[in-house]
Amino acid sequence: MMQTILLTDRDLEQRVAAFEAAWHEAGCAELARFLPRRDDPEFPRVLAELIRVDLECRGARGESPRLLTHHPLAPDLFADKCWLVELAFEEYRQRLELGERRTPDEYAREYGIDVSDWPEPDTPAGFAFPETGDVLGSYRIISELGRGSFGRVYLAEQIDLAGRLIALKVTSRGDFAEPETLARLQHSNIVPIYSTQRIGSARLIVMPYLGSTTLADVIEELHRLASWPSSGTALADTLANRASRTKVNDVTSPEHESPMARALPPRDQLRKYSHPEAVLWIGWKLANALAHAHDRGILHRDLKPANVLLTDDGEPMLLDFNLASDNSVVHDRRLGGTPAYMAPEQHAAMDAGSGTVDARADIYSLGLVLGELLAGRAKTPDHERDIRSRNPQVSPSTESIIRTCLQSDPDNRYADAHALADELRRQLHGLPLRATHEPSLRERFTKWRKRHPVLASTVSLATFALLIVILLIALIVERDRNLKSLANRDHAYRQWFEFRDTLPAVYDAAAFDRNSRSDQKIDDLLERYTTQTTPVEVPVAPFLSPADRKELMNSLGELMLLKSRRQADSGEALYWNQRAESVFRLTGDVPRTVWQDRHAIEMKRGREQEAREAHDRALATDPRARDWYLSGLLARESGDYAEAASLFEEAVSADQRHYWAWLLLGDARTHLGQDDRAEGCFNACIALKPEWAMAYYNRGLCRHRLGRYAEAGRDFTSALDRGTDAATAFLARGQSYSAQSEWDRAETDYTSAIELDTPSTRVYFLRADARVAKGDTVGAARDRAEGLRRIPNDEQSWVMRGLYRMRTGDFRGAERDFEKARELNPSSYAAHMNLANLFDEHLHREGDAIRVLDELIMKQAHAMAARAGKAVLLARSGKAIAAVAEARWCEDRHPPREIRYQLAGVYALAFGFSSHPAERDQALMLLRGALRDGYGWDLLAIDPDLKPLVREPEFQQLLESARTLKSQSRESAGSRNR
């Protein structure tokens, strides 16, 4: 069987780049020539990307693109709604750019897709753009300068200001934000706005007319030359020629000239430079403009040659801020910039639907524009490596600047546009670079010679100076290398400490809050600390110590395995499992769990050979603590807490410092009703990580259930001090105060939880009980009404509301609430037990009560209280043999005192049916044990389940002891009152 080779992201980039290059060279390209084989798993992904590029290229050529022309290549792709929505939107966007009248509803009918989040077209039915000669307000249209999906730009004259020439942008968009954005920007290299106004349904933006030549026009002219020009004269001549063709009636009025024209014209300045220097000068100006915008919290997000105007005087100016946004916004795939000039993180945000994009994305786009001016568009994605091979005039330091702009990791680019502008200025003026490595000693010396012409002209000093320079450069290089190494290490450790501080909250969410928020926390960590490449890279890892590096890798690998397990799609599950494997391989230790999970995934995919290979690898790998821990997570998620506890015990035996294994072992034991043993696990966690909050919180829950309410309250306070979920901790501590009858403190904590906007509606019923105890019946009534009004959104709140309704006699309402809790959590212990109690005690539906307990036992086989409750119900209905069998199961597992008391009732009822002395003796023995441990004295005389023992002398002795204890208790209370 042939092994399928997966395409890497690098392969995809090369195919797309080659396809784009073919388009630019020939004006069209046969898409099928650039596809992998149809049986390649990456075929749909590559096809979708190439179709997207094809639609964009056709739109740029002025041709109306049609998605359906690509249907014969892969009908299966068009059957996938996710791909279809994305590609149909690309066609829609391109056709709007061409000025066609299209609406989302047409695409919904044609393709049967959801278009609810598509933007409406900018030119609604009935709206007409003006034509040449039309008068719009005080503006007469002279000619159209450009158009796009956001409107059209015209050359116009302002009639009421002596025919002043202006650039007039016309759009029908009501939410068009460009004027508001540009109003915050006042910079000589950003096209300003004179004014805005509305005329009917049209919105007008009035800007100075400074010419119509963009860098896209200049690049087009440069491509027509036989070779790259040696000086900036070619740029200046191109600008002059185009400016002469765009003059109106061959007349240029002085009052219409740019203010720069009356000083030294920048166009003349360009002629003095070499071509690379002219590009550096343009880049310097644009970087300063970007820095000005970024300082005001504005990103451009669509920087490309067509959005850089070269005024008729030669000054570069930024245009078209209609995609601009506040800094660090969440990227929306529907509003992405131009794909060919987008940074990798912008592409990733578009693919994922969201993602954070900051100012460094504009730096990447500017680097692409400058690289294209220097050497044309690259035919491969290696923008940073092939500039000098395409244009040897470009110096190594200039190429190094562009290379830094085009780093795929934003952290490796210039920190901000100020740093880039300073670097371009320094290169332009022959100064040493500060933030960029200068690879050429020769170029460094050339710069020095330009700065010191007198010294350089003296032969006797030249040799000496050269030696000094070489020595200094060597020292500088070594110093730079050391400084860079220290800076990298410092950055890596800052990242590592941040990761280590964030990890507890992520693991807590993953273990205890299985929802989209916990999934997002995992995604955020993986996106921040790993690359999207294959194989996976962890950029900070090389700069950490071996121990820290291994801990980081192991944590990232575990997170990837957790993400793999949460994927409904087996293909996605396999993808994340393979990424986890690649991260673990960086430590040289791939855990057995990777192969166990791989086996399950491949079996689900029906790939038996791959599943067998994974199974064999699992058998050949010795289990470690991490394997036991990760296997325990699987058992825990399936609801098998006994198996989970066993696996976590193996994990802590193999590694007694494994915090998370201890924590989840304690959690498993609480689900098994073993709170006393669980407390010991949480003690171990606190000893290992006394600064982390979750173990204190869980130990507090254990102690509360064990009746040690004061200790529980102190644990919840410790959890609050360490930054746990405050609303949840206040709620838990309030219950501990309530159990101690400290009603004022309980009410304060419940109020704090409400003020923190806790989602748990049960807090209102808890506060109502506290207020009743304080005598505040009005406040209690308000809380109960609010609790009943709100729709609970968590299991515990449904249970609490059901308990309140059961207490007030609304048994049908209580049944509905308990059922809702079971819908939210089919394994809910509290919902099952309370529903069974409702059926038994209030609705007298013993059969339904047993059925509910059986359902709980099916999900939690070791739920001892459920089995004890079932035993009592069976005994009451005369099924003594079955009842005793359940009771013996519980006895074998060392039940707590409450369960022993219940089991005494089971044997007593069985004795009542059979009069067998063994059952009587067992009932009395269990009863004495529960009473000795302090449970049941107040129930002894009134419990109907114990009625068959009333005539027994031993039981009478226990009753007498109970009466004596009660009398002593009264006398003690009376003396205290006196």
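Here is what the cut-offs are and how they apply
- Residues numbered from 1 in each chain as written.
- Predicted model: local features only at pLDDT ≥ 70, side-chain atom pairs only at ≥ 80, totals over all residues.
- Heavy atoms only, no water.
- Helix = DSSP H or I, 4+ residues; strand = E, 2+ residues; numbered from the N terminus.
- Buried < 20%, exposed > 50% of the residue type's maximum accessible area, 1.4 Å probe, protein only.
- Contact = heavy atoms within 4.5 Å.
- Areas by Shrake-Rupley, 256 points an atom, 1.4 Å probe, with all protein chains shown as cover.
- Pairing = 2+ DSSP bridges.
- Axes fitted to C-alpha atoms, helices over the stretch in contact; angles between N-to-C directions.
- Phe/Tyr/Trp six-rings, centres within 6.5 Å; stacked < 30°, edge-to-face > 60°.
- Lys NZ or Arg CZ within 6 Å of the ring centre and 35° of its normal.
- Core = buried A, V, L, I, M, F, W, Y, C linked by side-chain atoms within 4.5 Å.
- Salt bridge = Lys/Arg side-chain N within 4 Å of Asp/Glu carboxyl O.
- pLDDT = per-residue confidence, 0-100.
- Parallel < 35°, antiparallel > 145°, perpendicular 65-115°, else oblique.
- Left-handed = near helix turned anticlockwise from the far one by under 90°.
- Nonpolar A, V, L, I, M, F, W, Y, C, P; charged D, E, K, R; others polar.
- Expected span 1.5 Å × (residues − 1).
- Patch = residues over 30% accessible without salt bridge, like charges linked within 9 Å, V, L, I, M, F, W, Y side chains within 5 Å.

Caption draft 1: Structural view of the overall build of the protein chain. Of regular secondary structure, the protein chain possesses 43 helices and 11 strands. A buried classification covers 51% of the 978 residues belonging to the protein chain. Considering only intrachain contacts with a sequence separation of at least 6, the fraction spanning at least 24 residues in the protein chain is 59%. Surface summary for the protein chain: the accessible area is close to 46,300 Å², and the carbon and sulfur share equals 51%.

Caption draft 2: Region of the structure containing unusual backbone geometry. Here the phi dihedral of Arg301 falls at roughly 70°; this positive angle occurs in a residue that is not glycine. As for its position among the elements, Arg301 is in the loop between strand S8 (298-299) and strand S9 (308-310). Taking the relative accessible area as the measure of exposure, Arg301 reaches 10% and is therefore buried. Here the phi dihedral of His894 falls at roughly 55°; this positive angle occurs in a residue that is not glycine. Structurally, His894 can be placed in the loop between helix H40 (880-891) and helix H41 (897-914). Its relative accessible area of 73% is what places His894 among the exposed residues.

Caption draft 3: The sheet that holds strand S10 (residues 316-318), seen in detail. Strand order in this open sheet of three strands is S7-S9-S10, and the pairing throughout is antiparallel. Edge positions in the sheet fall to strand S7 (213-214) and S10, since each has one partner strand and no second. In the sheet, S9 pairs with S10 via three bridges, with the strands oriented antiparallel. Paired with Leu310 across the strands is Pro316, a residue of S10. Packed on one face of the sheet, helix H11 (residues 275-295) meets S9 and S10 and runs near 30° to S10.

Caption draft 4: Representation of the pairing of strand S3 (residues 151-158) in the model. With six of eight residues buried, S3 lies mostly within the body of the structure. As paired strands, S3 and strand S4 (residues 164-171) are joined by seven bridges and run antiparallel to one another. Paired with Ala156 across the two strands is Ile166, which belongs to S4.

Caption draft 5: Examining the packing of aromatic side chains more closely. Enumeration according to the criterion identifies 11 aromatic pairs in this entry. Taken together, a centroid distance of 4.9 Å and an interplanar angle of 85° make the contact between Tyr659 and Trp660 edge-to-face. Trp660 shares its class with Tyr659; the two are buried. Judged by centre distance (4.9 Å) and plane angle (85°), the ring pair of Tyr659 and Trp692 falls under edge-to-face. Placement of the pair is Tyr659 in helix H27 (residues 659-671) and Trp692 in the loop between helix H28 (675-688) and helix H29 (694-705), with a sequence separation of 33 residues. For Tyr659, a relative accessible area of 4% translates into the label buried. An aromatic cluster is built from Phe89, Tyr92, Tyr107 and Tyr111, whose rings are joined through pairwise contacts. Directly above the ring of Trp628 sits Arg592, whose terminal nitrogen or CZ lies 5.8 Å from the centroid. Between the NZ or CZ atom of Arg867 and the centre of the ring of Trp889, over which it lies, the distance is 4.2 Å.

Caption draft 6: The nonpolar core, seen in detail. Core analysis: the biggest nonpolar cluster contains 70 residues, and Leu559, Tyr629 and Tyr659 have the highest contact counts within it. If near-sequence neighbours (up to four positions away) are discounted, Leu559 is found in contact with Leu503, Val506, Tyr507, Ile522, Leu525 and Leu526. If you look at the next biggest cluster of nonpolar residues, it comprises 57 residues, including Trp798, Val906, Leu958 and Leu959.

Caption draft 7: View of the pattern of salt bridges. Under the definition given, this model contains 61 salt bridges. The partner of Arg703 in a salt bridge is Glu711, and the shortest N-O contact between them spans 3.7 Å. We classify Arg703 as buried; its relative accessible area is 12%. The partner of Glu960 in a salt bridge is Arg963, and the shortest N-O contact between them spans 3.1 Å. Of this pair, Glu960 and Arg963 both sit in helix H43 (residues 953-977), separated by three residues, roughly a single helical turn. Each of the salt bridges in this network shares a partner with another, and the network as a whole consists of Arg812, Glu815, Glu819, Arg822, Arg845, Asp848, Arg851 and Glu855.

Caption draft 8: Representation of the pairing of strand S5 (residues 195-199) in the model. Bridge count for S5 against strand S6 (residues 202-208) is five bridges, and the pairing is antiparallel. Each bridged residue has a counterpart across the sheet, and for Ser195 the counterpart in S6 is Val206. Here S5 folds back onto S6 in antiparallel fashion, the turn holding two residues, of which Gly200 has a positive phi close to 65°.

Caption draft 9: Here's a closer look at the confidence of the model for the protein chain. Averaged over all residues, the pLDDT of the protein chain equals 81, while 85% of them reach at least 70. A low-confidence stretch, residues 1-9 stays under pLDDT 50, and its non-local contacts, those more than four residues away or across chains, total 16 contacts. Low confidence marks residues 328-335, where pLDDT is under 50. Its contacts with residues over four positions away, or in another chain, come to 32 contacts.

Caption draft 10: Highlighting the packing of H11 against helix H16 (residues 417-428). Look at H11 against H16: their axes get within 8 Å of each other, and the N-to-C directions meet at 160°. Between H11 and H16, the interaxial angle falls into the category roughly antiparallel. Crossing of H11 against H16: the hand is left-handed. Across the interface between the two elements, Glu277, Leu280, Trp281, Gly283, Trp284, Ala287, Asn288, Leu290, Ala291, His294 and Asp295 of H11 pack against Ala417, His418, Leu420, Ala421, Leu424, Arg425, Gln427 and Leu428 of H16. In terms of residue class, the contact of H11 with H16 is built from 11 nonpolar, five polar and three charged.

Caption draft 11: Quick peek at the packing of helix H2 (residues 43-60) against helix H4 (residues 81-97). Between H2 and H4, the least distance of the axes is 9 Å, while the angle of their chain directions is 10°. The angle between the axes of H2 and H4 places the two elements in the roughly parallel class. Counted together, Pro44, Arg45, Ala48, Ile51, Arg52, Leu55, Glu56, Gly59 and Ala60 of H2 and Trp83, Glu86, Leu87, Glu90, Glu91 and Gln94 of H4 form the full contact between these two elements. For the contact of H2 with H4, the residue count by class is seven nonpolar, two polar and six charged.

Caption draft 12: Fine view of helix H34 (residues 777-789). Helix length check: H34 (13 residues) gives 18 Å between terminal C-alpha atoms against 18 Å at 1.5 Å per residue, within 8%. Taken together, the buried residues of H34 touch helix H33 (762-774) and helix H35 (795-807).

Caption draft 13: Just the environment of Leu633, in detail. Looking at where Leu633 falls in the secondary structure, it is placed in helix H25 (residues 625-637). Of the residues examined, Leu633 reaches a relative accessible area of 6% and is grouped as buried. Each C-alpha atom, one on Leu633 and one on Leu647, is 8.8 Å from the other, the two residues being 14 residues apart in sequence.

Caption draft 14: Region of interest: the side chain of Thr311. Relative to the elements of secondary structure, Thr311 occurs in the loop between S9 and S10. Thr311 sits in the buried class, given a relative accessible area of 1%. Here Thr311 is in contact with Leu210, Leu239 and Met317, once residues within four sequence places are set aside.

Caption draft 15: Looking closely at a nonpolar patch on the surface. Together, Ile468, Leu471, Leu472, Leu475 and Ile476 give the surface a local cluster of nonpolar side chains, amounting to about 420 Å² of exposed area. Secondary-structure assignment places Leu472 in helix H19 (residues 459-512).

Caption draft 16: Layout of helix H31 (residues 726-739). Along its 14 residues, H31 runs 20 Å from first to last C-alpha, staying within 8% of the 20 Å computed at 1.5 Å per residue. With 10 of 14 residues buried, H31 is to be regarded as a mostly interior element. Among all positions in H31, only Ala727, Ala729, Phe730, Leu731, Ala732, Arg733, Gly734, Ser736, Tyr737 and Ser738 are buried. Buried-residue contacts for H31 involve H29, helix H30 (709-721), helix H32 (743-755) and H33. Looking one or two residues beyond H31, the residue adopting positive phi is Ser741, at roughly 60°.

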